[in-house]
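# An overview of the molecular structure
For reference, the chains in residue letters:
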Amino acid sequence: MGYASELFHFLRPTQLYRGWGVIVCLYSVVMVWFLGRLFEFRRHWIWAWRTIQIIALLNGVALVYALLGRYGEVGFFVSRLQQLSFIFIALFVLYLLIIRRQYQYLLSAFAFASVLVISLVMQMQYTGSNPLHIDSSLARIMAVGTLLHLVLLSAAVAKRARFAERSLNEEKDRVIAISQAAERDLTIKVRERTAELAESNASLEAEMDRRQLLEVRLRQSLDSVNEALVQQREFLAIVTHEFRGPLAVIATTADNLAHSEAEGSGDIQARAAKIRRTVNRMGILIENVLAGDRLDASGKPLAVVETFDLNEILRIAYAVLDDNAIRRVTFAPGDEAQVSGDRYLLEVALQNLIQNALKYSAAAAPVTVRLWVDQGMVRIDVTDHGAGVPLEQRALIFLKYYRPAGQRAHGSGLGLYISREIARQHGGELTLAASDANGSTFSLSLPIKQPGSMPFVPVVGSSYSLAG
C-alpha cells in the first residue's frame, strides 16, 4: 500500500521492487484460488474449476520469476492474467446469481467487488512512475476498499459457515429420517414376516395332524387288507383241498369206466376221455392258483429250497401225462443240470408250458420238450406246431388273465404269467424264443448251481413281484 519504503528503509529499492512483485504474484495465486473455493466452482461447473486451477498455476510460475528478481519480464503478463481471471470470475458469479439463482452467494459477490476495487488500485499503482509510493487519494481509496473487503469477506465467510452448518444439519436430519424410515420399514417387515411364519407354522401343524390321521387310517386299512388276505388264503386252501378230493374220485371213476366191460363202446370211451381232460384242466387251474398264492405270500420263502437235477422235472412231467398227451409229447433230456429252487413250483411251470402247447396245437400235432445247457444256464424249450402267436400279442401273452379275443381254447390266462414269475423268482426267465405259422417255442432258462456255491433262496418281494 506504499508504506514499504518507510517500514523497510534499510532495504535497497531493487529489493523492495522484488518484494512488490512477489506480493503481487502471491496475491494473484491466493485470491484466485480463494474465490474459486468461495463460489464453489467445482460443484457448479467442473471445467470452470479446471480454469481456476490453470490460472493459479500460471501465477505460480510468475511467482518463481519474481523470486528470482525477474518480475519485470512477467509483470505485464501477471497484470493481464489477473484482469482476465477477475473478468472470468465476475461472469461466473453473475451466472450463479442470474441464471442459477444461487442467492446465497450475494454477500460473497459484494466481497468480490471490493477485491476488484483493490485490484484496480494496485493496477493503477503498478502503471505509475514509482510503484513503491502511492499518493494520498489512491491510499484512501485502497484503505476504504480494504476495510470494506475485510468486512464483507468476514460476513461472507460467516454466512458460508452458517450455510454449511445448516446444510450439515439438514443432511444429518435427512440421514436420521432415512434411518428412522428404514427402521420403521424393517419393523413392519419383521412383523409381517413373523405373522407369515406363524401362519405357515399353523398350516404346517394342521397338515401334520391331517397326515398323521391319514397315516392312522392307512394303517387301519392295511391291517384290514392283510387280515382279508389271510382269510382269502385260508379260504383258498380249504377250497382247493375240498376240490382235490372230488376231482380225484371223478378221475378214478373215469379211469374205471374206461377199463370196464364196456371198453369196446366208443361213446363211453369218448366221454371218459372228456371227463379226464376236464379233471386235468381243473387240477392244473388249482395248481396255478396255489402257486400264485405262494408267490404272492409277501416276504416269505417260496418253499424249502433244494438242489436237484432238472431232468427229474422232465421225468415227473412225463409221468403225470394222460395217454393222449403221452402219444403227442416227446421228451429230449440233456446232460445233468443241477439247479437250486422250489421243485414244486418248477413242476407247475413246466406243466403249464406243456399243457399250453397241447392246447394251442392241432389234436394230433406233436410237442417237443428239450433240455440243454448254454453258458451257465440250463434251458427247457417247449415247441408246438400250432398257428403261432401274432406279433401284436407277443408282449401281452405273459400278462395276468390275458386271453386273446376269439380264442376257442379254454384257459384262465394264468399259465404263462405264473410260469414266467416262477422263472424270475429262481433267477431265470421265460421267453417266447420263436413263433411263426409252423409253431412256437417257449424257452424256460434257469441258472446252473455251480459246485461250492450257496443254494439259491427265492423270496417274494424281489424285483419280480406279482403285485399288479
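A few points on the structure. Fair warning: this is a prediction, and the values are worked out from it, not measured in the lab. (Residues numbered from 1 in each chain as written. Predicted model: local features only at pLDDT ≥ 70, side-chain atom pairs only at ≥ 80, totals over all residues. Heavy atoms only, no water.)

## Some points on the overall build of the chain
In terms of helices and strands, the chain carries 12 helices and 7 strands. Sorting the 468 residues of the chain into buried and exposed places 34% on the buried side. Relative to all contacts within the chain whose residues are 6 or more apart in sequence, the contacts with residues 24 or more apart total 72%. When the accessible surface of the chain is summed, it comes to about 28,200 Å², and 61% of that surface belongs to carbon and sulfur atoms. (Helix = DSSP H or I, 4+ residues; strand = E, 2+ residues; numbered from the N terminus. Buried < 20%, exposed > 50% of the residue type's maximum accessible area, 1.4 Å probe, protein only. Contact = heavy atoms within 4.5 Å. Areas by Shrake-Rupley, 256 points an atom, 1.4 Å probe, with all protein chains shown as cover.)

## Some points on the side chain of Ser 435
With respect to the secondary-structure elements, Ser 435 resides in strand E6 (residues 429-436). Here Ser 435 falls in the buried class, since its relative accessible area comes to 15%. Here the side chain of Ser 435 touches Val 389 through a polar contact of 2.7 Å, landing on its backbone nitrogen. Here the side chain of Ser 435 touches Ser 440 through a polar contact of 2.8 Å, side chain to side chain. Once you skip the residues sitting within four places of it in the chain, Ser 435 turns out to touch Gly 388, Val 389, Arg 394 and Ser 440. (Polar contact = N/O pair within 3.5 Å; in protein donor to acceptor, adjacent residues only side chain to side chain.)

## As for the side chain of Ser 440
By the secondary structure assignment, Ser 440 is in strand E7 (residues 439-447). When near neighbours in sequence (up to four residues on either side) are disregarded, Ser 440 contacts Val 382, Thr 383, Asp 384, Gly 388, Val 389, Leu 432, Ala 434 and Ser 435.

## Observations concerning the pattern of salt bridges
Enumeration over the complete set of coordinates arrives at 12 salt bridges. Linking Arg 70 and Glu 73 is a salt bridge whose minimum nitrogen-to-oxygen distance equals 3.0 Å. For Arg 70, a relative accessible area of 38% gives the class partly exposed. Residue Glu 73 is classed as exposed on the basis of its relative accessible area of 54%. We note a salt bridge from Arg 424 to Glu 429, for which the minimum N-O separation is 3.2 Å. The network of salt bridges with shared partners includes Glu 207, Arg 210 and Arg 211. (Salt bridge = Lys/Arg side-chain N within 4 Å of Asp/Glu carboxyl O.)

## Description of the nonpolar core
Of all hydrophobic cores here, the largest spans 40 residues; its most connected members are Leu 310, Leu 350, Ile 354, Val 369 and Ile 380. Here this core gets 9 residues from one element, more than from any other, and that element is helix H11 (residues 343-359). Apart from residues lying up to four places away in sequence, Ile 380 is in contact with Leu 310, Leu 314, Leu 350, Val 369, Arg 370, Leu 371, Phe 442, Ser 443 and Leu 444. Counting residues in hydrophobic clusters, the runner-up holds 21 residues, among them Phe 39, Ile 55, Ile 89 and Leu 97. (Core = buried A, V, L, I, M, F, W, Y, C linked by side-chain atoms within 4.5 Å.)

## As for the environment of Val 32
Tracing the backbone through its elements, the reader meets Val 32 in helix H2 (residues 13-38). Setting aside chain neighbours within four positions, we find Val 32 in contact with Ile 52, Ile 55 and Ser 85.

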